[in-house]
Amino acid sequence: MRYELYYWPSIQGRGEFVRLALEDAGADYVDVARRPRGMAAMTRLLEGRSPRLPPFAPPFLRAGELLIAQTANILLYLGPRLGLAPRSEAARLRVHQLQLTVADWVAEVHDTHHPIASSLHYEEQKREARRRAASFLAERLPKFLGYFEEVLARGGQAHLAGKAASYADLSLFQMVAGLRYAFPRAMAGLESRYPRVVALHDRVAARPRLARYLASRRRLRFSRQGIFRHYPELDRPK
Ligand SMILES: N[C@@H](CCC(=O)N[C@@H](CS)C(=O)NCC(=O)O)C(=O)O
């Protein structure tokens, strides 16, 4: 099966959670919008008269006849096919639950720099962003990190869902990597409290296919266009 991933071509964004799974598995896939005329193809699917259920927003995935949107939903589908999901239904639901928690976390990270409206520039909501980021760093970031630390502690295994890695582990890696980029001072101050999360990040980064991907040009750089943005004034004060 050759998968077609549709996502904005110049940012990691939410598409990166899907890219990581495809790359880790060595799957055959096309990052459509990064190809010539790919953006037009993506726009057609978003704005054209078909399919019957159009995606609301990227990322979305074409897999044969299926067109699947919503990051966590795409990963729910891909997980078992890429060897990145546990076998039992109960364990798969647990991984999906963790992925939905990551989705909530991602939305909160986005809101640190765009607390009022995605359609406004950061510069037009700087004051609100400062307040939002301060509360995110003081309250929400420790709560999310602490939650995943506790899940790892209770599981007592190398990964969130047991011995083997799942797509939720890859996503947790991406959260740590993105947060380190966006909030280097806050993360440096917090990380020692979450040793299992940090160890998981390192374990995922060392997975052979992922390590090759992360060092390749296919891995887009973090930037001020994506979800994780570095604005020094939003980070913890020096
Ligand atoms: N809940 C969706 C959110 C998708 C989403 O917000 N996509 C962004 C890019 S990361 C977008 O293009 N949004 C356009 C819009 O919301 O109008 C998911 O997890 O996939």
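Residues numbered from 1 in each chain as written. Predicted model: local features only at pLDDT ≥ 70, side-chain atom pairs only at ≥ 80, totals over all residues. Heavy atoms only, no water.

> Please clarify how the sheet that holds strand 4 (residues 66-69) should be interpreted in this entry.
Strand order across the open sheet formed by 4 strands is 2-1-3-4, with mixed pairing between neighbours. The open sheet has two edge strands, strand 2 (29-31) and strand 4, and neither has a second partner. Direction aside, neighbouring strands of the sheet carry axes that sit 20 degrees apart on average. In terms of strand pairing, strand 3 (residues 60-63) meets strand 4 through 4 bridges, oriented antiparallel. For Ala63, the partnering residue across the bridge sits in strand 4 and is Leu66. Along the sheet face, helix 1 (residues 15-25) touches strand 1 (3-6) and strand 2 and points at about 155 degrees away from the line of strand 1. The sheet strands contacting helix 2 (residues 38-47) are strand 1, strand 3 and strand 4, and the helix crosses strand 3 at an angle near 95 degrees. (Pairing = 2+ DSSP bridges. Helix = DSSP H or I, 4+ residues; strand = E, 2+ residues; numbered from the N terminus. Axes fitted to C-alpha atoms, helices over the stretch in contact; angles between N-to-C directions. Contact = heavy atoms within 4.5 Å.)

> In this structure, what is going on with the packing of aromatic side chains? I would like to understand it.
For any pair of aromatic rings, the description consists of the separation of the ring centres together with the inter-plane angle of the planes. Applying the stated criterion to the full structure yields 8 aromatic pairs. Here the aromatic rings of Tyr122 and Tyr231 are separated by 3.8 Å at their centres, their planes lie at 10 degrees, and the arrangement is stacked. Taken together, the residues Tyr122 in the loop between helix 4 (89-113) and helix 5 (126-155) and Tyr231 in the segment after helix 9 (208-214) connect sequence positions 109 residues apart. Under the relative-accessibility criterion, Tyr122 is labelled buried at 3%. Looking at Tyr231, the relative accessible area reads 5%, which means it is buried. Pairing Phe136 with Phe183 gives two aromatic rings, centres 5.9 Å apart and planes at 40 degrees, and the pair type is tilted. Of the two residues, Phe136 is situated in helix 5 and Phe183 in the loop between helix 6 (167-182) and helix 7 (184-190); the sequence distance between them amounts to 47 residues. The exposure class of Phe136 is buried, given its relative accessible area of 2%. An aromatic cluster is built from Trp105, Phe144, Tyr147 and Phe148, whose rings are joined through pairwise contacts. (Phe/Tyr/Trp six-rings, centres within 6.5 Å; stacked < 30°, edge-to-face > 60°. Buried < 20%, exposed > 50% of the residue type's maximum accessible area, 1.4 Å probe, protein only.)

Bear in mind that shape data such as this cannot, by itself, settle questions of function.
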